[in-house]
Each structure stands twice: as structure tokens, then as C-alpha cells.
Amino acid sequence: MDYQVIALVLFLIGVVFLLGEIVLPTGGIFVVGALLFFASGVGTILYYGTAAEAVVAMGGLAVGLPASGFVAVMAWRRLSIGNALDSADGSATAMPQIAGLASLKGRVGKTLTPMRPSGSVEFDGKRVDAMTEGMMIDSGTWVRCMEVKGSTVIVRQLDTPADITDINLDETPAERDKLDDLDLGLDR
């Protein structure tokens, strides 16, 4: 068999490995295998062929691999998972349920489950999955939503008031920021 046929077969096996990575995501194992087959094909041409053939083979790979990668990415985006990932740009308008979570910032709720450090909190009669800032909180404890990061609601335990009417449910984020700016070193 001619060395050019062997090199061509090695290149084709490399292409099959790349296609296999698209169909069966292996975490890059098939990509590494494809690169090894491409390198073996170029090595075969370098060893048996002329310098001009080696330059043509390496130039073909230098142009062909990025072009085929571009085509593969475009094909992947047409798949359902590609469209789902592209549309999830992290903005609240892309996911309406996240826009509703953003309105919880500064609100007071009560834990329905133990927070270890995640659990469920009830805000205005709605059950919401939330996380603490790292501490554990028992169920039935009053908490305030401190921040909403994407779809994660971060809560902090409130100090137990003498009377439930002492909780300021109408504190605006601007008022809370003023308190944060004062930062008297008190752990709220």
C-alpha cells in the first residue's frame, strides 16, 4: 500500500473520531484520538513523502480543521441543546421565573424546612428554594432575602424580634443599602 493511501486513511479515521465526539460526548477523548491520527498521517507523509507533500498536508489540516470545527459548532447550535444554551443568556427576560425571584430582594419570609444551607422558604405564601450565606437555620425561622443571583435566592436569619410586628416588611432596598453603608460592625 502506498504511503499516501495510509496517510489518507489516518486522516479519515481522525475525522471519524471528531464526528464521534459530536455524537457521543466523551469529554475530549475522541478529540485527542483524532489529533493523534492527524499527527500520524502528517508524520507518515513527512517520513515517506517529499517536503512539498508535507507542506500541503499540514496546510490542509491548518485550514481544514478550523473550517470543520466551525461547521460542527453551527450544526451543534441547530440541535435542541445548542438552542437552549444560547437562549439562556442569564438575563431575567430570558427566564420569566427568575424575574419574579428578583422581586424577593429585601422581603421577609419564614423557613419551611431546615436550611442546611439550602432549603425552602415561604415568601408571601409562595414556596421558594433558597440558600443561606453558609450558616444552618432551623425551620420556622424568620429570614430576609439578601440577594438574588440568577435563580439562587440568598437569605439571612433575622434576629428574633420581641414582637412579630417589629419586623419591617416595607424596608426598601435603598433603605437597606443605607444601613449597609453605615456598617457599624454589627452582625445582622
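Residues numbered from 1 in each chain as written. Predicted model: local features only at pLDDT ≥ 70, side-chain atom pairs only at ≥ 80, totals over all residues. Heavy atoms only, no water.

1. A short note on the environment of glycine 100
Tracing the backbone through its elements, the reader meets glycine 100 in helix H5 (residues 96-102). The spatial distance from the C-alpha of glycine 100 to the C-alpha of serine 151 is 9.8 Å, given a sequence separation of 51 residues. (Helix = DSSP H or I, 4+ residues; strand = E, 2+ residues; numbered from the N terminus.)

2. So, the pattern of salt bridges
Scanning the model with the defined rule gives three salt bridges in all. When the shortest N-O distance is used, the salt bridge between aspartate 124 and arginine 107 registers 2.8 Å. In this pair, aspartate 124 is assigned in the loop between strand E2 (118-123) and strand E3 (126-132) and arginine 107 in the loop between H5 and strand E1 (108-111), connecting sequence segments 17 residues apart. Aspartate 124 gets classed as exposed once you look at its relative accessible area, which sits at 56%. Note on arginine 107: relative accessible area 31%, which makes it partly exposed. (Salt bridge = Lys/Arg side-chain N within 4 Å of Asp/Glu carboxyl O. Buried < 20%, exposed > 50% of the residue type's maximum accessible area, 1.4 Å probe, protein only.)

3. Concerning the packing of aromatic side chains
Between two aromatic rings, the relevant description is the distance of the centres plus the angle of the planes. What the rule picks out here adds up to five aromatic pairs. What links up through ring pairs into an aromatic cluster is the set Tyr3, Tyr47 and Tyr48. (Phe/Tyr/Trp six-rings, centres within 6.5 Å; stacked < 30°, edge-to-face > 60°.)

4. Section: the sheet that holds E1
Read around the barrel, five strands follow the order E1-E2-E3-E5-E4 and close on themselves; strand pairing throughout is mixed. Averaged over all pairs of adjacent strands, the angle between strand axes in this sheet comes to 55°, irrespective of strand direction. Pairing of strand E4 (residues 142-149) with strand E5 (residues 152-157), which is carried by six bridges, proceeds in the antiparallel orientation. The partner of valine 148 across the bridge, within E5, is valine 153. (Pairing = 2+ DSSP bridges. Axes fitted to C-alpha atoms, helices over the stretch in contact; angles between N-to-C directions.)

5. Digging into the nonpolar core
In terms of nonpolar packing, the biggest core is built from twelve residues, these being Leu101, Leu104, Met115, Val121, Phe123, Val128, Ala130, Ile137, Val143, Cys145, Val153 and Val155. Of all hydrophobic cores here, the second largest spans nine residues; its members include Phe11, Ala34, Phe38 and Leu61. (Core = buried A, V, L, I, M, F, W, Y, C linked by side-chain atoms within 4.5 Å.)

6. A closer look at helix H1 (residues 3-23)
Compared with the 30 Å implied by 1.5 Å per residue over 21 residues, the 30 Å span of H1 between its first and last C-alpha is a close match. When H1 is considered as a whole, its buried residues turn out to be Tyr3, Ala7, Leu10, Phe11, Gly14, Gly20 and Glu21. (Expected span 1.5 Å × (residues − 1).)

7. A short note on the confidence of the model for the protein chain
Residues with a pLDDT of 70 or more make up 71% of the protein chain, whose mean pLDDT is 78. For the protein chain, the element scoring lowest by mean pLDDT is helix H4 (residues 80-87), at 50; E1 scores highest, at 92. For the stretch residues 88-94, pLDDT sits under 50, and the model shows five contacts to residues farther than four places along the chain or on other chains. (pLDDT = per-residue confidence, 0-100. Contact = heavy atoms within 4.5 Å.)

8. Re the pairing of E4
Two elements, E1 and E4, share three bridges in a ladder whose sense is antiparallel. Residue pairing in the sheet places glycine 109 in a bridge with valine 143 of E4. The hairpin formed by E4 and E5 contains two residues between the paired strands, and glycine 150 there has a positive phi angle of roughly 65°.

9. Brief notes about the packing of H1 against helix H2 (residues 29-48)
Between H1 and H2, the least distance of the axes is 8 Å, while the angle of their chain directions is 165°. Comparing their axes, H2 and H1 come out roughly antiparallel. Like other packed secondary-structure pairs, H1 and H2 cross with a definite hand, here left-handed. Per-class residue counts for the contact of H1 with H2 are 18 nonpolar, six polar and one charged. (Parallel < 35°, antiparallel > 145°, perpendicular 65-115°, else oblique. Left-handed = near helix turned anticlockwise from the far one by under 90°. Nonpolar A, V, L, I, M, F, W, Y, C, P; charged D, E, K, R; others polar.)

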